[in-house]
Amino acid sequence: MIKEIVFGTKNTAKLQQIIDALAPIGVTVRSIGEFKIDVNPSEDSNDPVENAMEKATTYAKAIGQVVLAMDNGLYFDDLPEEKQPGVHVRKINSRTDRPSDQELVDHYTSLVAGLGNRIKAYWRFGLCVASPEKIIGQTEIVSHRIFVSTPSEKTQ
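For clarity, every value in this text was computed on a predicted model and none was experimentally measured.

Student: What is the right way to look at helix α3 (residues 101-114) in this model?
Tutor: One turn of an α-helix holds 3.6 residues; hence residues three or four places apart share an orientation. Helix length check: α3, at 14 residues, gives a terminal C-alpha distance of 20 Å against a target of 20 Å (1.5 Å per residue), a fit within 8%. Residues Leu104, Tyr108, Thr109 and Val112 constitute the buried set of α3. An end-on view of α3 places all buried positions within 130 degrees of arc, on one side of the element. Those residues of α3 that are exposed and angled more than 90 degrees off the buried face are Ser110 and Gly114.

This is the structure:
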């Protein structure tokens, strides 16, 4: 039984999600940020599974251990492909800086309002487990959602 896994992210929110998901089965999760490596996976694909594969293989080779990696993308029904956030959820229009969480809420609230105030959407989560030698496996989780133009008063 696996007792520990390295998760290929430095994103604390994603790390906490995986820690919380695997804790009930007794698996300890370590962040790739704990390792003293200087590699940056390209993540230049528009496909979450391909980006997860790139991260997992790059990090596994760099640390010589098995790595789990994840990427995600957001997709709205009836939105033209060129306007889909996809794996670029945190990019707003042509901005090059990283928007704040509130700016993202405002952006997506406005987007949904322009699409009729309520729209179906889904998250695609690409996951990959890789050893230094090969990809052990990859998969995708699709999580459907309804987005509305009125932001929730409850935020984390």
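Student: Help me understand the pairing of strand β2 (residues 28-31) in this model?
Tutor: Covered by surrounding structure in β2 are Val29 and Ser31 only, the residues Thr28 and Arg30 on the alternate face being uncovered. The pairing of strand β1 (residues 4-7) with β2 spans four bridges and is classified as parallel. By the bridge assignment, Val6 is partnered in β2 with Arg30. At this point the chain moves from β1, through helix α1 (residues 12-22), to the parallel β2, and the crossover so formed is right-handed.

Student: Looking at this structure, I do not really get the layout of surface pockets. What am I missing?
Tutor: Vacant regions in the atomic arrangement are exposed by a probe of water-molecule size rolled over the atoms. Of the voids in this model, the largest pocket is the one considered here, and its volume is about 2,200 Å³. Lining the largest pocket are 47 residues, and of these Asn72, Val89, Arg90, Leu104 and Trp123 lie nearest its centre. When contributions to the lining of the largest pocket are tallied by element, the ones reaching two or more residues are α1, α2 (48-63), β3 (67-76), α3, β4 (118-130) and β5 (135-148). Of all the elements, α3 adds the most residues to the lining of the largest pocket, at seven residues.

Student: Help me understand the sheet that holds β5 in this model?
Tutor: Picture the strands of a sheet paired through backbone hydrogen bonds; they go either parallel or antiparallel. The five strands lie next to each other as β2-β1-β3-β4-β5, forming an open sheet whose pairing is mixed. Two strands lie at the open edges of the sheet, namely β2 and β5, each paired on one side alone. Ignoring which end each strand starts from, the neighbouring axes of this sheet average 30 degrees apart. Pairing of β3 with β4 involves 10 bridges; the strand directions are antiparallel.

Student: Quick question: what am I supposed to make of the pairing of β5 here?
Tutor: Here is the key point about a regular strand: its side chains alternate between the two faces of the sheet. Examined bridge by bridge, β4 and β5 share 13 bridges and lie antiparallel to one another. By the bridge assignment for β5, Arg118 is matched with Val148. From the end of β4 to the start of β5, which pair antiparallel, there are four residues.

Cut-offs and rules
- Every chain's residues receive numbers from 1 upward, in the order its sequence appears when written.
- Only residues with pLDDT of 70 or above have their local features reported here, since the model is predicted, and side-chain atom pairs are shown and tallied only from 80 upward, although totals for entire chains, interfaces and linings are computed over all residues.
- The basis for every side-chain value is the complete set of non-hydrogen atoms in the structure, without hydrogens or water.
- Segments assigned H or I by DSSP are reported as helices when at least four residues long, segments assigned E as strands when at least two residues long, and all are numbered from the N terminus.
- Here, expected helix span is obtained from the residue count minus one, scaled by 1.5 Å.
- Here the term buried applies to any residue with accessible area under 20% of the maximum for its type, exposed to any over 50%, and partly exposed to those in between, with areas from a 1.4 Å probe on protein chains only.
- By definition, the arc is the one covered by directions from the helix axis to the C-beta atoms.
- For two strands to be treated as a pair, DSSP must find no fewer than two bridges joining them.
- Clockwise travel from the first strand over the helix to the second, with the strands pointing away from the viewer, marks a crossover as right-handed.
- Here a cavity is any set of points on a 1 Å grid over the protein atoms alone where a 1.4 Å probe fits but cannot get out, and a pocket is any open set with protein on both sides within 12 Å along at least 5 of 7 lines; a residue lines the site when it has an atom within 4 Å of a point.
- Grid points are joined across faces, edges and corners, and a volume is the space filled by probe spheres set on the points.
- The axes used here are C-alpha line fits, helices contributing only the stretch in contact, and every angle between their N-to-C directions lies in the interval 0 to 180 degrees.

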